[in-house]
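# Fold and contact review
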Amino acid sequence: MTNEERRRAIPLAMRAALASVAMAASLLLVKGYAAWHTGSVAMLGSLADTGLDLLASLVTLYGVKLAAEPADHDHRFGHGKAEALAALFQVVLITASAIGIAVRAIQRFSAPASNEDAGLGIGVSVLAILATFALLAYQRSVIRQTGSVAILADNVHYQSDVLLNVAVIAALVLDQYVGLSGADPVFGIAIALWLAWGAFQASSQAIDMLMDKEWSEEQRAAFMEVAARQPGIRGIHDFRTRRAGSHDFAQFHMEVDPSLTVRDAHDIVERVEVALRQTFPRVETLIHLDPEGHVDTDNPLVEADVTPHWFGKRVGY
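For every chain, the first residue of its written sequence is number 1, and the numbers climb from 1 along that sequence. Two thresholds apply to this predicted model, a pLDDT of at least 70 for residue-level local features and 80 or more for giving and counting side-chain atom pairs, whereas whole-chain, interface and lining totals are computed over all residues. Side-chain measures were taken over the full set of non-hydrogen atoms in the model, leaving aside hydrogen atoms and water.

## Thoughts on the pattern of salt bridges
Our working rule: Every case where a carboxyl oxygen of Asp or Glu lies within 4 Å of a side-chain nitrogen of Lys or Arg is listed as a salt bridge. Numbering of helices and strands starts at the N terminus; helices are DSSP runs of H or I of at least 4 residues and strands are runs of E of at least 2. Only protein chains enter the accessibility calculation, which uses a 1.4 Å probe; a residue whose area is less than 20% of its type maximum is buried, one above 50% is exposed, and one in between is partly exposed.
Counted by the stated rule, this structure contains eight salt bridges. Between D212 and R242 there is a salt bridge; the shortest N-O distance is 4.0 Å. Separated by 30 residues along the polypeptide, D212 in the loop between α6 (183–210) and α7 (217–228) and R242 in strand β1 (residues 235–244) bring together distant segments of the chain. Residue classification places R242 among the buried residues on the basis of a relative accessible area of 17%. Taken together, the shared-partner salt bridges in this structure form one network comprising E214, E217 and R220.

Next up, the structure:
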């Protein structure tokens, strides 16, 4: 990604996040009227999900804006982990909504009530599906141009919304037109379970970020492969990675010929950093230089985590 592309990436991602907020806010108003008018538990669940969509979109907007801010004196690694804290706040709201919808659906089983004007609910759901498809198409265009992780996550979230609105249509049709009076609360419970599952996934991802979980083995191997093929490297160990919002961080110890001058060894480090920055432009890399054969004895993970783990041979020869 060139410097010009980086400058354009932030406004594009911001526009995509704003589009997501605008759509969620509009659908929240329409679905609120439909849920009140029809009395459908499934539509109520869809309304709650749209409210959470709006919150998630606002958090995405906040995250994209925050990711554009450089590190400062008090946050030298940036502000990326604020996204994880915001996600945990979302999890609390999602869980509360899921419990409320499930309770309402169970009450409907014990005190059945017919839905009214299913056509309105169906029409609103169809409108929501069409609007979501348009947003998904725009988001995919922005993702191709910017590679924004925040917008990618939002895109995946809205893909599931299409299925949710289809479920609402099915519940209303079965309840009012087919005569299956228990269909609406059943779908309401299903939506509550789906929301609870989404809360669990969101909490897991947020906790992984806050706990500095390592990248996947595939990501680590791809990163090491670029570093290891640079000339002058005699070995790599103590490779550590973490993610904070849209920012990735990597650090490792790199071994070189101990007879090299400081300048020559520094030149090797510079070449490795340039190669990694060109291939992984959103990763901040820190390299510690070691003479070949140096062993760190204070950390058992240091010598256990070396490049032969992926390549089966020592690098740099």
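## Points about the confidence of the model for the protein chain
Stated formally: pLDDT is a per-residue confidence score from the predictor, ranging from 0 to 100. Residues are treated as being in contact if the distance between any of their heavy atoms lies within 4.5 Å.
When pLDDT is averaged along the protein chain, the result is 76, and 78% of the positions lie at 70 or above. Here helix α10 (residues 308–311) stands out as the least confident element of the protein chain, with mean pLDDT 50; helix α8 (residues 262–279) is the most confident, with 93. Segment residues 1–9 is flagged for pLDDT under 50; beyond a separation of four residues in sequence, or across chains, it makes seven contacts in the model.

## Notes on the pairing of strand β2 (residues 247–256)
Defined as follows: By the convention used here, strands pair only if DSSP detects at least 2 bridges between them.
Counting buried positions over the ten residues of β2 gives eight, a clear majority of the element. Strand direction decides the pairing type here: β1 and β2, joined by eight bridges, are antiparallel. In the sheet register, H237 faces β2, and the bridge partner there is H253. As paired strands, β2 and strand β3 (residues 283–291) are joined by nine bridges and run parallel to one another. What sits directly across from H253, in β3, is H288.

## Describing empty space enclosed by the protein
Cut-off, in case you're wondering: Grid points spaced at 1 Å over the protein atoms alone were grouped into cavities, where a 1.4 Å probe fits but cannot get out, and pockets, open sets with protein on both sides within 12 Å along at least five of seven lines, with lining residues defined by an atom within 4 Å of a point. Grid points are joined across faces, edges and corners, and a volume is the space filled by probe spheres set on the points. For this classification, Asp, Glu, Lys and Arg are treated as charged, while Ala, Val, Leu, Ile, Met, Phe, Trp, Tyr, Cys and Pro are nonpolar and the rest, including Gly, are polar.
Taken as a whole and assessed by the stated rule, the structure comprises one cavity of 30 Å³ or more. By volume, the largest cavity is sized at about 60 Å³. Among the elements of the structure, α1 (3–38), α2 (41–67), α4 (118–146) and α5 (149–178) are those that each provide at least two residues to the lining of the largest cavity. Grouping the constituent residues of the lining of the largest cavity by class yields six nonpolar, three polar and four charged.

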